[in-house]
Amino acid sequence: MGYVSAVPPPPPPAATDAPESPESKNGRRSVVVALLLGALGAAVVLLASGRVWARGSAAVGGGSLPLTADGRAVTGLPAALAIVGLAALVAVFAVRGRGRLLVSGLLALSGLGGALSAVAAADDHRALDERAVTATADTAARVAGLTHTAWPYVTAFGCVLILLAGLLALRFGRSWPAMGGRYERDGSPRRRTPAAMDPDRPEDLWKALDRGEDPTG
């Protein structure tokens, strides 16, 4: 009769290289894509907002005075919302839970609002009318030969990139890492290492007593 051991066999060693889950892969990729979209979108908006959006002329004496208006003169809302969106993109990594959801929503709304405001101002003439009044000193002056460039739509495109970054944050933001997470305390009590004490020095004994340590231990 063979020998039968009552000791159960040891469990097989756990696999050290566990395959990465698809959700983790998607979350890691979405971080990179969102950062690129948000940064690129904000750069496009800030650049395009400084370009000429409208051209025209104002009648002065027997001639005409050429006038131009850049995006910030027409509407400063896209550039302002791009800055808000860029700040929200950074803040996404500084908060967690419901706060991250709110910041992600702010990021998406910044892109949406900037795009709508840029498209709405694409055929605006009020900025050039105001410049015509200033140039002619005539409150009834209006701009003539008004033309518009494609820069408002480039601005709207940059805002759409910010919107996409916000949508990615809303969808995958829960799995994104938090800024400085490795440095946060886990709530466990910190172990204090007692300082080296020289028993021949009375001042060290008093310092130990002040710290609540037992100098005789």
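Every value quoted in this text rests on a predicted model; they were computed, and no experiment measured them. (Residues numbered from 1 in each chain as written. Predicted model: local features only at pLDDT ≥ 70, side-chain atom pairs only at ≥ 80, totals over all residues. Heavy atoms only, no water.)

Draft legend 1. View of unusual backbone geometry. The backbone of Ala 137 sits at a positive phi, close to 60°, despite the residue not being glycine. Among the secondary structure elements, Ala 137 is positioned in the loop between helix 5 (126-136) and strand 3 (144-148). Ala 137 sits in the exposed class, given a relative accessible area of 71%. (Helix = DSSP H or I, 4+ residues; strand = E, 2+ residues; numbered from the N terminus. Buried < 20%, exposed > 50% of the residue type's maximum accessible area, 1.4 Å probe, protein only.)

Draft legend 2. Representation of the packing of aromatic side chains within the structure. Going through the model one piece at a time under the given rule, you end up with 1 aromatic pair. Taken together, a centroid distance of 5.5 Å and an interplanar angle of 10° make the contact between Phe 93 and Trp 176 stacked. Separated by 83 residues along the polypeptide, Phe 93 in the loop between helix 3 (77-91) and helix 4 (97-120) and Trp 176 in the loop between helix 6 (151-172) and helix 7 (202-210) bring together distant segments of the chain. Each member of the pair Phe 93 and Trp 176 is classed as buried. Cation over ring: Arg 171 sits above Phe 172, and NZ or CZ is 4.5 Å from the ring centre. (Phe/Tyr/Trp six-rings, centres within 6.5 Å; stacked < 30°, edge-to-face > 60°. Lys NZ or Arg CZ within 6 Å of the ring centre and 35° of its normal.)

Draft legend 3. Focus on the pattern of salt bridges. Within this structure, the stated rule accounts for 1 salt bridge. Of the charged contacts in the structure, one is a salt bridge between Arg 126 and Asp 124, with a shortest N-O distance of 3.0 Å. Judged by relative accessible area, Arg 126 falls into the exposed class, the value being 56%. Given a relative accessible area of 11%, Asp 124 falls into the buried group. (Salt bridge = Lys/Arg side-chain N within 4 Å of Asp/Glu carboxyl O.)

Draft legend 4. Quick peek at the packing of helix 4 against helix 6. Running from amino to carboxyl end, helix 4 crosses helix 6 at an angle of 165°, the nearest separation of the two axes being 7 Å. By the angle between their directions, the pair helix 4 and helix 6 is classed as roughly antiparallel. The crossing of helix 4 and helix 6 is left-handed. Facing Leu 101, Ser 104, Gly 105, Leu 107, Ala 108, Gly 111, Leu 112, Gly 114, Ala 115, Ala 118 and Val 119 of helix 4, the residues of helix 6 in contact are Pro 152, Thr 155, Ala 156, Cys 159, Val 160, Ile 162, Leu 163, Ala 165, Gly 166, Leu 167, Ala 169 and Leu 170. (Axes fitted to C-alpha atoms, helices over the stretch in contact; angles between N-to-C directions. Parallel < 35°, antiparallel > 145°, perpendicular 65-115°, else oblique. Left-handed = near helix turned anticlockwise from the far one by under 90°. Contact = heavy atoms within 4.5 Å.)

Draft legend 5. Representation of the nonpolar core. Ranked by size, the top nonpolar core spans 35 residues in total, and within it Val 74, Leu 107, Leu 128, Ile 162 and Trp 176 carry the most contacts. At 8 residues, helix 6 tops the list of elements feeding residues into this core. Not counting chain neighbours up to four residues away, the residues in contact with Leu 128 comprise Ala 54, Arg 55, Gly 56, Leu 67, Thr 68, Ala 69, Val 143 and Leu 146. (Core = buried A, V, L, I, M, F, W, Y, C linked by side-chain atoms within 4.5 Å.)

Draft legend 6. Highlighting the packing of helix 3 against helix 4. Packing of helix 3 against helix 4 brings their axes to within 8 Å, and their N-to-C directions diverge by 160°. In terms of axis orientation, helix 3 runs roughly antiparallel to helix 4. Where helix 3 crosses over helix 4, the handedness of that crossing is left-handed. Listed contacts from helix 4 to Leu 77, Pro 78, Leu 81, Val 84, Gly 85, Ala 88, Leu 89 and Ala 91 of helix 3 are Val 103, Leu 106, Leu 107, Ser 110, Gly 113, Gly 114, Ser 117 and Ala 118. Residues belonging to the contact of helix 3 with helix 4 are distributed by class as follows: 11 nonpolar, 5 polar and no charged. (Nonpolar A, V, L, I, M, F, W, Y, C, P; charged D, E, K, R; others polar.)

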